[in-house]
Structures are given as structure tokens and as C-alpha cells.
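# Report on the structure
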Amino acid sequence: MAALRSLLTRLFTIAAILVGLSAVLFGLLSAMPGDPVEMLITANPRVKPEDVARLKRLRGLDQPWYIRYVRWAWGYHQPQQPPEVHPLKDIVVVAGDGPVSFDVAGAVADRDVRLDLFEARSVVEQAAGPGQVDLDVDEPDALLEQAQRAHPAVWRLAHEAVRAKMWGQLRVEPLFGAEFDERLVGVAGDVPAGIHRVWFLVRDTGGLEGLGQGLAYVAPPFEPELTPEEAGTDEEQRQSAGSTEAALVDERGRTALIADATDAGQRARFAPLDVVVAAEDGAVTVDVLAQFSAAGPSLTGFRLVRGPGTITAGGVYRHRFAGPGQTVVAGLATDDEGGEHPFAFAVDHGPVPDPDRFERGFVFALLGDSEALGFSNLYKRPVAELLGGSPDRCGDGVQDIGESCDDANRKDGDGCSATCHDESAGMWQAVDDVLAGKLYRAGRVLNTLLLMIPALLLSLLFAIPAGIYGAVRQYSAFDYVASFLAFVGISLFVAWFGLMAMAVFSEQFHWFPAGGIQTPGLRGGFVDVVADRLSYTVLPAGVLSIAYAGAWLRYMRGAMLEVLPADYIRTARAKGLPERTVVVRHAVRNALIPVVTVVALSVPRLFGGALLTEQVFSWPGIGRLQFEAVMGSDYYVAIVVFLISAALVMVGNLLADAVYVLLDPRLRRSS
Amino acid sequence: MIALWLLVKAQRRAHLVARDTPLGIGGARRLGWIGFSLVLFSMCTAGFVVDSPRATAVYLPGLGAALAFAAAVHLRLRGRAVVPRPESFVELVSMRFARHRLARGASLVLAAMIEVALWGGVIEWALGVSHRAPDVDRIYLGPTWPFLLGTDEVGHDVFTRLLFGGQISLAVGLVSALSAAAVGTVVGLTAGYFGGWWDTVAMRFVDAMLSIPVLPLMIVFSALSLDKLAPPPVVWWTVLLGAFGWGLFSLLWSSRRRRPGPRPPGGMAGFALLYASVVFGVVGYAVDWSAVVGGGLGSVVKIILIIVLFGWMTVARLARAAALTLRNMEFVTAARALGAGHGQILLQHILPGALAPVIVAATLEVGAYILYEAALSYLGLGVQPPVPSWGNMLNNGLEYIRTAHAHLAFWPGLLILVTVVCFNFFGDGLRDALDPHQVMKRTS
């Protein structure tokens, strides 16, 4: 009874602390410079101050923080957040004569993918083929040196190669008739010389979707009257093309520069549909006619190339959006001269609710409503998905890990079931696929646990035997060395140690990959995924375990030293038990009791250390998510992650006490 | 130079203690005083990083006062040395400390590091290099004369930068440990001594703070900007003048009325208020805050504040435990019966008893705080360049870890490691010396 009462008191305290903590955090975070709307706005210079005020009002950011806190926790009647129509963002174009390539990597990059110049070595080889590039690929340092300093061309090649590798994760779907080859290079073919706008859709493995448009400059054909000297070398041509490109993709003065480069008619042709239209009733309405009539000839019709909704003859595109995320709409407008004008825009929308819908707050997440955790502004994903793992991507035509087939067909019954598994394959295959997929697309929580648990086990494996042996042979050479190393372990700066380990074991010896959590674009089953992950886990887990082991070694040794002179040990020896039995069965068992508590109580420090380690090794775990969320003003993510880690810590403490009582019969009798 | 001399004397003393010769005076106490003066001196030197005449006008006398203080303490202790006091507590403690060989070595290393770091300016002048001025002609130099450890990516001399970074990092560690210990002692002692609702509130708060992960909270706080949180000067001055007036008033009031019955706010509290308001006023005026922020020291102040904010809880718990046991002792009851006020009892009877665990904890925390500073600076949130600290040097060197310039990240990390190890050894030795119970547990 007393135990139950104390348990209830503890749980009540935990709840109170969590509530207080979330309130304080909410206040603090809202006092931080830069709110989500302002961060959105900086991306778009065309947004007016009244738009900012309107967006803030829609998101409830004009309220004082305590009202926002109550809304965040309990929920509120959704004031019908309308979708926002975004202007299209240019994606950088690499121009040349012939094929036009688009650097889509920078636009929709999976944030978890580490852009690592070092990895470029193998990629350069793959991309260029042996003998094509004058590079000694077996000398990574030489490659780096060359890439960084000596030859800008190699540097660019390396960069492009890295990006090309990232393209393996991206799926690019050409719009309006452009063609892409395998390496996602737009093929201009017999396109006349000049500047062309090419549209395409990019989707990464996380399901993040973006619309890209590129200005493709196609150089005029080679003119025979030029002498080779006048034409210049290939490199010079490249550079001159590059300068045009630089002028065209200037971030701010984009339209003006296009106007400089083309005549007035061409300007109309290239004008993107970039008005921000936010309809107030949950539907988005874009007046296509008004867009085109201002600039070009009169329009006769519209055709929707891609996207939901309808286009009316009146020149209005209209749709109500449901379901969270981003939708890209692309269409073709035809004028009376038969010319076709492509237009496209991206609509950023949350779930569009019923007029009376009650948007549930964080409290409902405790009841199992994962949507109540909210939506991450930074990652454009639901927080629950971010933490718990992304679902399979079925029907995108790419056989990802965890899918035994994917033929770009979302319908069942033609080989693939709804869960992306070939029904003719056996059950084990299905299980293997599901496990591999779950692990490969693991969320932040699982990632952190997959780092912390091995580190914990590894450090206990070091610390406990060493502590026992050090205590039994007190003042021996082993004891001195182990104690000294334990002190060093306590005093280690985890980030520095991680960096040094990375420099030695992955840069120097190439034993382990330098950061990251798994090889992007991996193919294979569960065993392959586990093996791949293991090779990435060794370094960070080792570093963390060395840092933890120091403290625990000292605790273990201290506990043993306390237990060893006890009467019952003397009794056990007097009974004639072998020394081994005395130490292991009588001493260690009793000494372990306080150590278990200490291990459970140091979980907060463990989390702190994990943050730095995750940062150093680019490990997409909770700690790094928290850091990025705080820095990126992604408040809901920051608070949720904070509450999760705080709750884990406090429940850990509770469990530690429970284990303590269970292990120690003396406590049970007295209570 | 004087500090070096004091250091040599102190080490000689420690050596004497090591050979267990009877001592007249406490070597440990002297070490403590010297350490204290070194801290002051270090802060004064750190103050010189700001090139402000107003700051110099206060720091120079401050430096002189610190040195004079150290010398006076030294002389006073030497004067006392004539009277032998065998088996005194201080002697016991110093002998016990000296027995811990690693701790003795660590104290020597620490003292040497502090000393060398303090000589950073002179060394820089002697070598003719600069740790702050970029020099595009001399980037990525290897170890050559006069660049003893080479130069970094903008041509700063790495060696002198390490020295100045050491000043900042050590100052952050020491000052935050001192301040956190002070805050924790005040909260813990009052909570343990008075009990009641204050004890409940304070200790629940401490429990809550101790059970949540600290580093993410620190990140949140360091992302806040100080100037947005700081109230306008009018508020500061009002608070200061109010505290001054109230302290003066209560001091005069309590000195006039010495009658039985309910007592007005005690003289101790009044004195503390008076003292604090004067000190804060002088410091607040002397330091040209815009220059501090402009010179980058604002981030140092901020990080100290943040560390203190999250660091005082352990000390508070220890102090409360000590106060709980001491407040029911006979000598406290006797003092109360003799008419001593709460302030006097707390200061004269309870604080000394609580001091040993507090000192040990504070020493051990120095290392942890240096690590916190390094962690925050590593994340780009701590001490901001151009002010160097080991943490932000590490953050800087990070980019070059894959290149031939990996040593840029190696040195600051190594120094952090050595310093923190030494502080931990030092604290361990202090614990052995000050806390006999612990010793028995450890060695029996």
C-alpha cells in the first residue's frame, strides 16, 4: 500500500515537472529570436508586411505565449489554415552545349545525408569511368588536395560526383516533355539554341516533394567560320557558359536578368506563375488568365498536366486540399496562336479541416493520437513520422529497401500487394523485407536507442569486470592503470575524442565510414541493413562507451571496496568457499546494487553526451534533432523531443528505484 | 612574476608536507589563498582583452589589490608560522592531500598551466606574433619559429591563441564554479536551516533540475540573446539604489534595536545587501558593456551565467544536508540562546561545517564546467570569436579534421583533456583530505 502510494506520488511529481517544464520551454522558445513565419519569409523577398501579419495571425503567433501554450497543449478550433501557394524556386542549371544538367541535389536534399567530399573518390571513378579522369583514386589525400586547391575542375567534378550520388536518392520526374537520362541530365536533343525553361518534379526518399524549374541555356551550334583559336578551348567555353548561367540564376534579381537576356516576347514565355494566393476558405484559387493576359496573347484553354483540382474555362484553377504535405500543380495554357505556356506552382498545405474541427493538442498525443504531435516546419514532415520512422514508399517505381517489388503501380493485384511485397515470395522474405524497411527508415528515437544501447552495454562490459578486478587486487598495477584511465574517461570531451577517432580510424585507416548512419541507397535484406548499420555504429558507440565507462568503473570499484571487508564475505571465506565464488556470488552481487542505480541515474548525462556524439558523427538521433529544432525555430519538435527525453530520464529514475528495491531484500523488509 | 614566486613557495611547502615534517602553518590553506589570488589575477588579465580605458581604470587597481592581498596573506601566514600547531585540522588536511600523489601532481600542472596562460600577453609580445590579427600571408604554417605550433586558417598564431583561449576557458570554469558554489551554498544553507515552505520549494526545484537533461536546456538559453533579456539601465540603477538603501536602513535599524522580541531583518543581511550593491554598481559602471559585447566578452559573461544557472544544484543539496545536521547541534542552540541572529548562526556556525563538501564539489565541478563551455562553444553557441576559447578553437579546427591541418583541432582538445583530468584529480585529492568518511570508504 505504501509502495503504491509512493509510486503514485512519484508519477504525480513526474507529471507536474513535465507540465512545468513544457510551459517554461514554451515561453523560452517563443522568446527566442526568429519565429517560424519570419524564417519562412526570408526565403521570399516578395512577401509584404501584411502577408506576414496575416500568416502570423493564421498560425496564432500574434497571441501571447501562455495562450499559445494552452492551445499547444489542449488544442483549439482550427481557424481554417488555408493552403499557401508558393512561387517556384529555380534550381541551379549547369549549362553547356548539348545536354543540360540540373543540379537538383541542393534543392531537395535529404537532411540526413552527409555531403562528404571524401566519399567523392569512388564516385568520381564511377561517374567518369576509369581513364576518363586524370586522378589517382587510390590516393585520397592527393584527390582532396587537388580538389581543394590545385584544380578547380577536379573540385567541381568531385562536388558534382557527390551530388550525382545523392541523386540516387532523389527521383526526378520531367514535366512538359523534357527528357532525362539515367543520371538525371536533361537532354536538349534538337532544341533550338537559346534559353529554355525546363520543369521537373523532385521527390526524395523521405517523400519530400519539390518542383524544380531550370533555365537551360543551349549554346548555338558550332560555327565553321570560327577558327579553333577564336573558339577557344573547351574549358573556356565552359567558363563562358558558366558566366551566362551565373547571371541567369542570380538569387534576387532573377527576373530582371532574364529580361536582359531575352526579348520581351520571350519574357512572357518564361514568366513563371509565382503569385502567392492564399484562399481563406481552405481552397486554393489561382487566376491563370490574369497571369497570362498581362504579358502575352489571349488564352484559349488550359490543360492540367499534373496535380489535383480543376481548371475552369474562366481562367481559374481551383481545388480543396486534404491530407498534409505539399502538392505540385502543373498545367499548360494554350493561346490563340497555338503556343503553349507551361505554368506550375507548389501548394504548401496542412490538413484542411472541417469548419468545426477541433485541432487536438499535445495532450491527445498521450492518448495515442500521433497527429497531435504536430508538424515540423523544418523538415516538412509530421513530428510522429520524424520520431517514429517514415512509412514505406509504395508505388513510386523504385524498389526501395523493404520492398520486394515496386512497379510504380499503386493498384493491388498485379504482383505487388498494397504493402509493396511480392505475394509470390515466401513469408520469410516478407518478414525480412518488413524488418529491413523498418530499420532502414527508422525514426530519430530508434536511431538514438541504437546508438545508446550498444554504447551502454559496451561500457558496462569494460567497466564492471575492470572495476571488480581493480578492487580485488587493490593497489596493483592494473588497479592504478585502470583508475587513471577511468579519470581520463570521465574528463574526455566526447566531441573531440570522436573527431580524433574519426580522423584516425576512418580518414587514416579507412576501417569505418566517417559519420552518417547508413549507406544511402542501400539494397538488400535485413542482414545487409544490420551489417551496414553496424559498420557505422562502431565508432560513435565506442567513443561514447569509453566516456561512460570511466565513471562506472569508479563506482563499481568503490562499491566492491565497500562490500569486500563486510562480515558476510569473511563468513563466506571462513566456510571454505573458493575465492572465485566468494567474489562473484557474494561480493559482486551486493556491489552491483548501487551501481545499477547509478547507471540509471546517469541517463541525463548520457543524453547530453549523445547529443555531441550525434553531432560529430552526423547521427540522425534525438539529440541532434533537438539541437537543429532549437536552432531552426521548430518549436513543436523542440518541445516534444525535450519532453520525450525528460520523461525517459524520469521514468528511468523511477525504474532504477524499483530495481533497487527488488534487488535489495533489506529495503523490501523495512518498507 | 610574483605569482610564480608564490607558486614556487607553495610547491616547496607541499613538498615539505609530503615528507610529513611538522608544519607550523597549513600548506593547504596557503595554497587555497594563492589559488584565489591567481583566479583574481586571471580575471584581471582577461579584463585586458577589452581595450577600454574605463575597464583598465578599474582592472589595474584591482590587479594591484589582488597581488597585495596575496602578499599580505602570505606574510600573515608566515607570521603565524612561528607558532607551531601540530595536529591542527589544516595540517591534517594538507598532509592527507599531500599523500594523494596524483592530486599533488595535478595541482602542480594546473598551477603551471594557469601561470603560463596568464603570461600569454608577454609571450605573444616576446615572440612577435598575434593571436587575434588575421594574417593572410601566413596561413596553415607548420610549427616554425616564431609560430611554435603553426598558424590557423586565417593566420592566427596557434600557440598564443591556445594561451589566451586557456585564460578564457579556465576563467569560465573557475568563475562559474565559484559562483555556482556561492549560489548553491546560499540556497542550500537557508533551505536546510530555515526549513518550511522555502525548503520544500527549493528542494523540489533542485530535484526537478537534476532530473532533466541539462545540455539541451543550455542550448536553448545560449540561443537567447542577452541584450533582449537585459532590462534597461534605469531598472538596474533602481534595483541597485534600492538594495543599497534597504541594506543601509536595515543595518542601522538592527544596530539600534537590541531588544528581545521579534527581530528586524538582521545586520548580516543588510551588510550583504550593501556590499553586493556597491560591488555590482562599481563593476557595472567600470565595465564598458558595449565594448565588452563588441570585444566578444559578452558571450563569456553569458556562458558563465548559463553554467551557473544550471550548475548550483549539486552544491545546494550538499549544503542543505550539512545544514540539516548542524542546525540541531548543541553549539547552535547555545549560540541562539546567547542571542545570535540567524545570519550570525548561519555564517559563523553552520557555514564552516558545510564548507568541506562544498569546496570538494566545487573543485570537481570546475572540470565539468570547462567541458560544458567546450561543448557549447563546439556547437557554436558559447564563446564567440574573435575571443578565443579552447571550445571555439576546437569548433574552428573541426573543418580541417579531414585535411592535413588536423592538429588545429588536436591541441585545444588535448589541453581541455589535461585540464579537466587535473581538476578531477585535484578534487579527488581534496575529497580524500577534507572528507574522512569518504577516505575510510575508499581505502578500507
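Rules used throughout
- Each chain has its residues counted from 1, running along the sequence as written.
- Chain letters start at A and ligand numbers start at 1, both assigned in the order the entries are written.
- Since the coordinates come from a predicted model, pLDDT governs what is reported: local features require at least 70, and pairs of side-chain atoms require 80 or more to be given and counted, while whole-chain, interface and lining totals use all residues.
- Based on all heavy atoms of the structure, the side-chain values leave hydrogens and waters out of the count.
- A run of H or I in DSSP becomes a helix once it reaches four residues, and a run of E becomes a strand once it reaches two; helices and strands are each numbered from the N terminus.
- Relative accessibility thresholds used throughout: buried, under 20% of the residue-type maximum; exposed, over 50%; partly exposed, between the two (1.4 Å probe, protein chains only).
- Working rule for contacts: check all heavy atoms of both residues, and any pair within 4.5 Å makes them a contact.
- Using a 1.4 Å probe, the Shrake-Rupley method yields the accessible areas, and only the shown protein chains count as cover for residues.
- A pair is scored as a salt bridge if a Lys or Arg side-chain nitrogen falls within 4 Å of a carboxyl oxygen belonging to Asp or Glu.
- Summed over both partners, the accessible area lost on bringing two parts together, with a 1.4 Å probe, is the buried area.
- In the analysis that follows, any N or O atom pair within 3.5 Å is treated as a polar contact, provided that within protein one partner can donate a hydrogen and the other can accept it, and provided that, for residues neighboring in sequence, both atoms belong to side chains.
- Under the convention used throughout, the expected extent of a helix is 1.5 Å for every residue step, that is, one less than its residue count.
- The angle separating two fitted axes, one through the seven residues that finish at a residue and one through the seven that start at it, defines the bend at that residue.
- By the counting scheme adopted, Arg and Lys are positive, Glu and Asp are negative, and His together with the chain ends is not counted.
- For this analysis, a nonpolar core means a set of buried residues of the types Ala, Val, Leu, Ile, Met, Phe, Trp, Tyr and Cys, connected via side-chain atoms within 4.5 Å.
- Each patch groups residues whose relative accessible area exceeds 30% and which form no salt bridge, using 9 Å between like charges and 5 Å between nonpolar side chains of Val, Leu, Ile, Met, Phe, Trp and Tyr.
- In this analysis an axis means a line fitted to C-alpha atoms, helices contributing only their contacting stretch, and an angle means the value between N-to-C directions, from 0 to 180 degrees.
- An angle below 35 degrees is treated as roughly parallel, one above 145 as roughly antiparallel, one from 65 to 115 as roughly perpendicular, and anything else as oblique.
- When the near helix sits turned anticlockwise from the far one by under a right angle, the crossing is termed left-handed; a clockwise turn instead gives a right-handed crossing.
- Side-chain classes follow a simple rule in which Ala, Val, Leu, Ile, Met, Phe, Trp, Tyr, Cys and Pro form the nonpolar group, Asp, Glu, Lys and Arg form the charged group, and the remainder, Gly included, forms the polar group.
- For every residue, the predictor assigns a confidence score, pLDDT, that lies between 0 and 100.
- Two rings belonging to Phe, Tyr or Trp (six-membered ring only in the last case) form a pair when the distance between their centres is within 6.5 Å. Interplanar angles under 30 degrees mark stacking, angles over 60 mark edge-to-face geometry, and anything in between is tilted.

### Examining the overall build of chain B
Helix and strand counts for chain B stand at 20 helices and zero strands. Per-residue burial for chain B yields a buried fraction of 48% across its 444 residues. For chain B, long-range pairs separated by at least 24 residues make up 73% of all intrachain contacts whose partners lie at least 6 apart in sequence. In the form shown here, chain B has an accessible surface area of approximately 20900 Å², with 71% of it arising from carbon and sulfur atoms.

### Observations regarding the overall build of chain A
For chain A, the helix and strand inventory stands at 25 helices and 19 strands. Counting across all 671 residues of chain A, residues that qualify as buried make up 45%. Counted over contacts in chain A with a minimum sequence separation of 6, partners at least 24 positions apart contribute 68%. Per element, the accessible surface of chain A, about 33000 Å² overall, is 59% carbon and sulfur.

### Some remarks on the pattern of salt bridges
What the rule picks out here adds up to nine salt bridges over all chains. Between A:D479 and A:R557 there is a salt bridge; the shortest N-O distance is 2.7 Å. Taken together, the residues span a long stretch of sequence, with A:D479 in helix α17 (residues 477–491) and A:R557 in helix α19 (residues 526–563) at a distance of 78 residues. There is no split in this pair, since A:D479 and A:R557 are both buried. Salt-bridge contacts for A:R554 lead to B:D428; the nearest nitrogen and oxygen are separated by 3.6 Å. Linking A:R554 in helix α19 with B:D428 in helix α19 (residues 407–434), this pair reaches from one chain into another. We classify B:D428 as buried; its relative accessible area is 2%.

### Description of unusual backbone geometry
A positive phi angle, close to 65 degrees, is found at A:Y475, a residue other than glycine. Take A:Y475: it is sitting in the loop between α16 (444–472) and α17.

### Describing the interface of chain A and chain B
Listed by partner, the interface residues are 51 residues for chain A and 45 residues for chain B. Between chain A and chain B, the buried area comes to about 4100 Å², and carbon and sulfur atoms account for 75% of it. Inspection of the chain A/chain B interface yields one salt bridge. Counting every contact that joins chain A to chain B gives three residue pairs in polar contact (both at pLDDT 80 or more).

### So, helix α18 (residues 494–508) of chain A
Residues and elements named next belong to chain A. In this model, α18 (15 residues) spans 20 Å end to end at C-alpha, consistent with the 21 Å of a helix rising 1.5 Å per residue. At M502, α18 is bent by approximately 25 degrees, the largest bend along its length. With eleven of its 15 residues buried, α18 lies for the most part within the structure. The complete set of buried residues in α18 reads V494, A495, W496, G498, L499, M500, A501, M502, A503, S506 and E507. Of the residues one or two after α18, H510 is the one with positive phi, at around 60 degrees.

### Considerations on the environment of B:F97
All names here are of chain B. Within the secondary structure layout, F97 lies in helix α4 (residues 89–99). In sequence terms F97 and R431 are 334 residues apart; their C-alpha atoms lie 8.5 Å from each other. Sequence-distant contacts of F97, defined by excluding residues within four places in its chain, comprise A103, R104, S107, F426, G429, L430 and A433.

### A look at the side chain of B:D157
All names here are of chain B. As for its placement among the helices and strands, D157 is situated in the loop between α6 (120–127) and α7 (158–194). One buried charged residue, D157, forms no salt bridge at all, with the nearest opposite charge on R161 at 9.6 Å. Polar contacts involving the side chain of D157 include one to the side chain of T160, which spans 2.8 Å. Ignoring anything within four residues of it in the chain, the contact list for D157 reads V129, S130, H131, P146, F147, L148, G150 and T151.

### Digging into the nonpolar core
Grouped together as the largest cluster of nonpolar side chains are 160 residues, with contacts concentrated most on A:F493 and A:M560. If near-sequence neighbours (up to four positions away) are discounted, A:F493 is found in contact with A:L612, B:L371, B:A374, B:A375, B:Y378, B:L394 and B:I416.

### Examining a nonpolar patch on the surface
On the surface, a cluster of nonpolar side chains totalling about 400 Å² of accessible area is made up of A:L446, A:L449, A:L450, A:I453 and A:L457. Among the residues examined, A:L449 registers a relative accessible area of 35% and is labelled partly exposed.

### Focus on the environment of B:V360
All names here are of chain B. Within the element layout of this structure, V360 appears in helix α17 (residues 342–378). Sequence separation between V360 and G429 is 69 residues; the distance between their C-alpha atoms is 8.9 Å. In contact with V360, other than residues within four places in its own chain, are G427, L430, R431 and L434.

### Some thoughts on the environment of B:G184
All names here are of chain B. Inspection of the secondary structure assignment puts G184 in helix α7. According to the relative accessible area criterion, G184 is buried, its value standing at 0%. Each C-alpha atom of the pair G184 and W312 lies 4.6 Å from the other, and the pair is 128 residues apart in sequence. Excluding anything up to four places from it in sequence, G184 contacts L189, W312, V315, A316 and A319.

### Quick notes on the packing of helix α1 (residues 2–31) of chain A against helix α4 (residues 65–74) of chain A
Residues and elements named next belong to chain A. Contact geometry for α1 and α4: axes closest at 10 Å, N-to-C directions at 130 degrees. One way to sum up the angle between α1 and α4 is to call them oblique. Between α1 and α4 lies a crossing whose hand is right-handed. Contacts from V19, S22, A23, F26, G27 and S30 in α1 reach W65, R68, Y69 and W72 in α4. Considered class by class, the residues forming the contact of α1 with α4 number six nonpolar, three polar and one charged.

### Remarks on the confidence of the model for chain B
Residue and element names in this part refer to chain B. Counting all residues, the mean pLDDT for chain B is 73, and 67% of those residues have values of 70 or more. In the model, residues 14–26 has pLDDT below 50 throughout and makes 23 contacts with residues more than four positions away in sequence or in other chains. Both scores are given for the predicted complex: the pTM is 0.68, the ipTM 0.73.

### A few points about the packing of aromatic side chains
Residue and element names in this part refer to chain A. Applying the stated criterion to the full structure yields 19 aromatic pairs over all chains. Taking the centre distance of 4.9 Å and the plane angle of 10 degrees together, the rings of W72 and F362 count as stacked. In this pair, W72 sits in helix α4 while F362 sits in the loop between β17 (358–360) and α13 (363–366), placing the two residues 290 residues apart along the sequence. Judged on exposure class, the residue W72 and its partner F362 are both buried. Centroid distance W74 to F364: 5.2 Å. Interplanar angle 45 degrees. Geometry classified as tilted. Of this pair, W74 sits in helix α4 while F364 is found in helix α13, placing the two residues 290 residues apart along the sequence. In this structure an aromatic cluster arises from ring pairing among F26, Y69, W72 and F362.

### Quick notes on the packing of helix α15 (residues 427–440) of chain A against α19(A)
Residues and elements named next belong to chain A. Remark: α15 packs on α19, axes separated minimally by 8 Å, with the N-to-C direction vectors making an angle of 25 degrees. With respect to α19, the axis of α15 lies roughly parallel. Of the residues in α19, those touching α15 at D432, L435, A436, L439 and Y440 are F526, V527, V529, V530 and R533. Residues that form the contact of α15 with α19 fall into these classes: eight nonpolar, no polar and two charged.

### Digging into the confidence of the model for chain A
Confidence in the prediction for chain A averages 68 pLDDT; 54% of positions are at 70 or higher. Ignoring residues within four places in sequence, the model shows residues 89–98 of chain A, a span with pLDDT below 50, making 36 contacts including any to other chains.

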